[in-house]
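Understanding the architecture of this molecule
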Amino acid sequence: MRYNLLERQAEETLFPKAIEHGIGVIVRIPLLFGLLTGKFNANSIFGEDDHRSMNLSADKLKQYFKELEKVEPLFDYFKDQSKTQISLRFCISHSACQTAIPRAKTALQVQENSDSSDLGPIPEYVIESLVPKFNGKNED
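Now for a description of the structure that goes with this document. (Residues numbered from 1 in each chain as written. Predicted model: local features only at pLDDT ≥ 70, side-chain atom pairs only at ≥ 80, totals over all residues. Heavy atoms only, no water.)

**Describing the packing of aromatic side chains**
Rules: In this analysis, rings of Phe, Tyr and Trp, with Trp reduced to its six-membered ring, are considered paired at centre separations within 6.5 Å, and the interplanar angle assigns stacked below 30 degrees, edge-to-face beyond 60, and tilted for intermediate values. When a residue's accessible area, from a 1.4 Å probe over protein chains only, is under 20% of the maximum for its type it is buried; when over 50% it is exposed; and in between it is partly exposed. Two conditions define a charge sitting above a ring: the NZ of Lys or the CZ of Arg must be within 6 Å of the ring centre, and it must be within 35 degrees of the ring normal.
Summed over all chains, the structure comprises 3 aromatic pairs. Between the aromatic rings of Tyr77 and Phe78, the centroid separation amounts to 4.8 Å while the plane-to-plane angle is 80°, which identifies the pairing as edge-to-face. Accessibility expressed as a relative area gives 10% for Phe78, which makes it buried. Every member of this aromatic cluster is reached through a ring pair, and the members are Tyr3, Phe15 and Phe90. Between Arg89 and the ring centre of Phe78, over which it is positioned, the NZ or CZ distance is 4.9 Å.

Now the structure itself:
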């Protein structure tokens, strides 16, 4: 299931059904192709051979960065953690999510991703106070 701080449609129907039936969900694209790591900005351009060029058009990037502003308070709250760690922790914080599968290109990225799980889920009260509720819109 595709799920991350900016793509939360699963919260609407899939996650409640998974919980109801005792089924765990595996989350993919938890870092939204690197966008949630702080790796690039709204003006980033990807080459034709980069898969992100198909998934992150200029208009889509602008939309995502507008949405990203709404979750900045979560990143600010955990100043001692990277955006990568916070984004991964957000995914595993939902009770339906059993694991998240982030991509990593380097040993350092693998270590950072792994360290995220050691930090555990983000407390529900923090998410409720700093992350806007999912509004039901399909943001894809």
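More follows now that the structure is in view.
**Examining the nonpolar core**
Put simply, the rule is: In these notes, a set of buried Ala, Val, Leu, Ile, Met, Phe, Trp, Tyr and Cys residues joined through side-chain atoms within 4.5 Å is what counts as a nonpolar core. Helix and strand labels come from DSSP, where a helix needs a run of H or I of at least four residues and a strand needs a run of E of at least two; each type is numbered from the N terminus. It only takes one pair of heavy atoms within 4.5 Å for two residues to be counted as in contact.
The biggest cluster of nonpolar side chains holds 37 residues, and the ones touching the most others in it are Leu35 and Leu74. Breaking this core down by element, the ones donating at least two residues are helix H1 (14–20), strand S1 (25–28), helix H3 (58–77), helix H4 (83–93), strand S2 (97–101) and helix H6 (124–130). No other element matches H3, which puts 7 residues into this core. When neighbours within four sequence positions are excluded, Leu35 is seen to be in contact with Leu6, Phe40, Leu61, Tyr64, Phe65 and Leu68.

**As for unusual backbone geometry**
One non-glycine residue, Ile29, lies in positive phi territory at about 55°. One can find Ile29 in the loop between S1 and helix H2 (52–55). One non-glycine residue, Phe33, adopts positive backbone phi at about 60°. For Phe33, the position within the fold is in the loop between S1 and H2.

**Some points on the packing of H3 against H4**
Threshold: Axes, fitted as lines to C-alpha atoms, cover a helix only where it is in contact. Angles between the N-to-C directions of the axes lie from 0 to 180 degrees. Note on terminology: angles under 35 degrees are roughly parallel, angles over 145 are roughly antiparallel, angles of 65 to 115 are roughly perpendicular, and the others are oblique. Basically, the charged four are Asp, Glu, Lys and Arg, the nonpolar ten are Ala, Val, Leu, Ile, Met, Phe, Trp, Tyr, Cys and Pro, and anything else, Gly included, counts as polar.
At a minimum axis separation of 10 Å, H3 and H4 run at an interaxial angle of 110°. Comparing the axis directions of H3 and H4 gives the class roughly perpendicular. Between H3, through Glu72, Leu74 and Phe75, and H4, the contact on the second element is made entirely by Lys83, Ile86 and Ser87. Here the contact of H3 with H4 is composed, by residue class, of 3 nonpolar, 1 polar and 2 charged.

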